[in-house]
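Chain and residue survey
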Amino acid sequence: MSAPQPAGGELRTLEANLRLSQSEYFLRRSYLRSMPRMLGLVLGNACNLDCPHCYQEKNGDNLLHPVQIGQQFRRELLSLYPYLSTLRVQGGEVLAYRGFREIVEDVAAVTRRPLLSISTNGTLIDDEWAEKMVRLPFSSATVSIDGGTPETYAKLRRGSELPLVLANVARIRKWKEKLNSARPELDSFFVILRSNFREIPQYLELARENGFVDVALQTAEFNRVNSTREPVFAEQEAIANYPGDVAELYALTRDVLPRAREWFRIVRLSGLQSLFEKHGYDASFLRERENGLYPDSADLSTSAEGSFELCPNPWTTLFVAENGNVHLCFLAEPVGNLYEAPLVEIWNSPPALAKRLRMIRGAYMASGCSSRWCAWREGQAASPMKAKAEPYIPVPVISEDSAGLPAVRRMLAGNNRRLHEAEQALRAMDEEFQRMRRSILVRAAAHVARKWERVKSRMAGIIARSR
């Protein structure tokens with residue numbers, strides 16, 4: 001059974017947006033008429049596992065609650081689906097969220113394209129979900145596996161077992177074979193820690209044997225959340241603090257990457273180049289410029305090797321965290337919040353435009369990019385390029401109800417307006433203070449100058465008389 005084919009009008013909308021997006025990227029536009037290609041949603045931070053390296057707050061934030069706001073948010077998302085190549089949904093654990101089924105139904109109702117992509121720990125993929133993922137518009141499923149052996153996996157993915165996850169992956173493969181479907185494609189994600197990096201070769205073998213077509217290796221994120229929750233773990237597992245382990249990881253990756261690139265369509269890397277260069281190693285063999293985490297961006301590469309002179313993510317990606325913060329890249333600082341403005345406004349908000357402009361000039365750190373993962377790009381300004389512009393594609397307008405999410409936005413808009421007025425008042429007071437300060441300094445300097453002239457005059461008289 002092959003998946004139903006999308007309608008012609010749907011494909012024309014998608015393709016026109018992709019052409020416009022490509023033109024705006026190559027023309028180095030900061031204000032974009034194209035819509036995002038990839039929308040990432042972190043539905044919440046609740047999870048059925050207790051991973052010590054998880055960097056999320058466990059405070060119950062959820063994009064779909066309260067229910068009224070969640071329903072209005074889902075309606076807003078509908079306007080973006082025709083333009084997206086990928087709707088990437090994750091958690092916490094995405095399959096544990098009650099509202100995820102409704103999002104799947106929304107997507108299935110408006111598109112036949114394989115649009116949905118999920119990131120999951122793989123523990124909740126029962127036979128029902130496996131069948132749904134093959135029958136419905138899923139494009140890919142990413143399974144997090146942070147170990148090459150069951151023992152290491154169990155220590156880092158507390159509450160789960162590696163054989164269980166691999167058995168659930170096999171359910172998807174069974175349904176793909178049964179329904180003669182190539183979707184969803186299976187890929188895997190590995191977080192690099194001191195206690196597991198030596199198992200990267202076993203992990204790659206395991207991924208190959210279990211039907212994963214892509215893999216990704218990323219250095220761990222240690223922040224206030226996991227460093228407070230697991231202080232000993234964070235101190236012991238941050239590989240960047242141990243030069244000997246960095247040297248061993250460097251040698252290991254140089255050894256295994258050539259073989260892994262033969263096994264998988266792509267081996268994505270993030271954070272290793274910054275780590276190795278910080279410790280004085282040549283990281284060119286990683287090819288992170290072309291093999292980084294750049295979703296739906298293959299047509300924006302600028303060389304035969306597929307490298308990106310300018311990071312494409314802010315031209316392709318909107319990423320919404322569980323607290324409503326909106327990012328132009330999952331590794332960057334937020335540029336807005338969905339409770340304050342619609343996503344289509346945040347896409348071209350002043351912070352979004354400023355981020356793109358700074359990146360074009362090579363000021364990646366000032367733009368809000370992560371020093372841990374992207375420091376190697378700092379100072380690399382993008383050369384001007386040329387491309388043919390495409391016609392304008394209108395964005396559907398969503399009517400706003402009188403309550404719920406629009407009401408929250410109006411309330412926060414009022415708060416922001418008052419904050420802006422207060423900031424302007426403070427700025428005016430500061431400018432007045434600086435004006436008075438300059439005036440006082442000018443008068444003091446004039447007074448000193450006059451006294452100095454009198455002193456010079458007296459000294460000249462004394463010198464003249466002495467002659």
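Reference entry: report on the structure contained in this document. (Residues numbered from 1 in each chain as written. Predicted model: local features only at pLDDT ≥ 70, side-chain atom pairs only at ≥ 80, totals over all residues. Heavy atoms only, no water.)

**Some thoughts on helix H3 (residues 100-110)**
By the burial criterion, the buried members of H3 are Phe100, Ile103, Val104, Asp106 and Val107. Seen from one end, H3 has its buried residues packed into an arc of 155 degrees, which puts them on one side. Residues of H3 that are exposed and point more than 90 degrees away from the buried face comprise Glu105 and Ala109. Next to the buried residues of H3 lie strand S1 (38-42), helix H2 (67-78), strand S2 (86-90), strand S3 (116-120), helix H4 (127-135) and strand S4 (138-144). (Buried < 20%, exposed > 50% of the residue type's maximum accessible area, 1.4 Å probe, protein only. Helix = DSSP H or I, 4+ residues; strand = E, 2+ residues; numbered from the N terminus. Arc of directions from axis to C-beta. Contact = heavy atoms within 4.5 Å.)

**Some points on the nonpolar core**
Nonpolar side chains in soluble globular proteins tend to be buried together. Counting 104 residues, the largest nonpolar core has Leu39, Leu87, Phe100, Ile200, Phe276 and Leu343 as the members making the most contacts within it. Tallying contributions element by element places helix H10 (residues 243-263) first for this core, with seven residues. Setting aside its immediate chain neighbours within four residues, Ile200 contacts Phe190, Ile192, Leu217, Leu249, Leu252 and Val256. (Core = buried A, V, L, I, M, F, W, Y, C linked by side-chain atoms within 4.5 Å.)

**Section: unusual backbone geometry**
Cis geometry is found at the peptide bond from His65 to Pro66, where omega equals -5 degrees. Its place among the elements puts Pro66 in the loop between S1 and H2. In this chain, Arg183 is followed by Pro184 through a cis amide linkage whose omega measures -5 degrees. For Pro184, the location among the structural elements is in the loop between helix H6 (162-178) and strand S5 (185-192). Phi is positive for Arg28, which is not a glycine, with a value near 60 degrees. If you trace the backbone, Arg28 turns up in the loop between helix H1 (8-26) and S1. We note that Asp296 has phi near 55 degrees; this positive angle belongs to a residue other than glycine. One can find Asp296 in the loop between helix H12 (288-291) and helix H13 (313-316). Given a relative accessible area of 27%, Asp296 falls into the partly exposed group.

**Considerations on the sheet that holds S3**
Pairing is mixed in the open sheet, where 10 strands are placed in the order S7-S6-S5-S4-S3-S2-S1-S8-S9-S10. One side of each edge strand has no neighbouring strand; the edge strands of this open sheet are strand S7 (266-270) and strand S10 (336-337). Across five bridges, S1 lies against S2 in parallel orientation. For Leu41, the partnering residue across the bridge sits in S2 and is Val89. Where H6 meets the sheet, its contacts fall on S4 and S5, and the angle it forms with S5 comes to roughly 160 degrees. (Pairing = 2+ DSSP bridges. Axes fitted to C-alpha atoms, helices over the stretch in contact; angles between N-to-C directions.)

**Examining the side chain of Ser117**
By the element assignment, Ser117 lies in strand S3. Judged by its relative accessible area of 2%, Ser117 falls in the buried class. For Ser117, the side chain forms a polar contact with the side chain of Arg88, separated by 2.7 Å. Ignoring anything within four residues of it in the chain, the contact list for Ser117 reads Thr86, Leu87, Arg88, Val89, Ser139 and Ser140. (Polar contact = N/O pair within 3.5 Å; in protein donor to acceptor, adjacent residues only side chain to side chain.)

**Regarding the packing of H4 against H6**
Two numbers describe a pair of packed helices, the interaxial angle and the distance between the axes. Orientation of H4 relative to H6, taken along the N-to-C sense of each, is 45 degrees, at an axis distance of 9 Å. Here H6 runs oblique to H4, going by the angle between their axes. The way H4 lies across H6 gives a crossing that is right-handed. Two secondary-structure elements touch here, H4 through Asp127, Ala130, Glu131, Met133, Val134 and Arg135 and H6 through Arg171, Ile172, Lys174, Trp175 and Lys176. A breakdown of the residues in the contact of H4 with H6 according to their chemical character gives five nonpolar, no polar and six charged. (Parallel < 35°, antiparallel > 145°, perpendicular 65-115°, else oblique. Left-handed = near helix turned anticlockwise from the far one by under 90°. Nonpolar A, V, L, I, M, F, W, Y, C, P; charged D, E, K, R; others polar.)

**Considering the state of the cysteines**
This structure, assessed with the given rule, holds zero disulfides. Of all cysteine sulfurs, the one in Cys311 lies closest to Cys329, which takes part in no disulfide; the gap is 5.6 Å. There is no disulfide at Cys374, and the cysteine sulfur nearest it, in Cys369, is 5.3 Å away. (Disulfide = S-S within 2.5 Å.)

**A word on the packing of aromatic side chains**
Within the structure shown, the criterion is met by 12 aromatic pairs. Ring plane angle 75 degrees and centroid distance 6.4 Å describe the contact between Trp263 and Phe264, whose orientation is recorded as edge-to-face. The class for Trp263 is partly exposed, based on a relative accessible area of 21%. Ring plane angle 70 degrees and centroid distance 6.0 Å describe the contact between Phe319 and Phe330, whose orientation is recorded as edge-to-face. One end of the pair, Phe319, is in strand S8 (residues 317-320); the other, Phe330, is in the loop between strand S9 (325-327) and S10, and 11 residues separate them in sequence. Relative accessible area serves as the criterion here: at 10%, Phe319 is assigned to the buried category. Of the aromatic side chains, those joined through ring pairs into one cluster are Tyr250, Phe276, Tyr281 and Phe285. The residue whose ring lies beneath Arg194 is Tyr242, and the NZ or CZ to ring-centre distance is 3.5 Å. Its guanidinium or amino end placed over the ring of Trp373, Arg372 lies 5.8 Å from that ring's centre, counting from NZ or CZ. (Phe/Tyr/Trp six-rings, centres within 6.5 Å; stacked < 30°, edge-to-face > 60°. Lys NZ or Arg CZ within 6 Å of the ring centre and 35° of its normal.)

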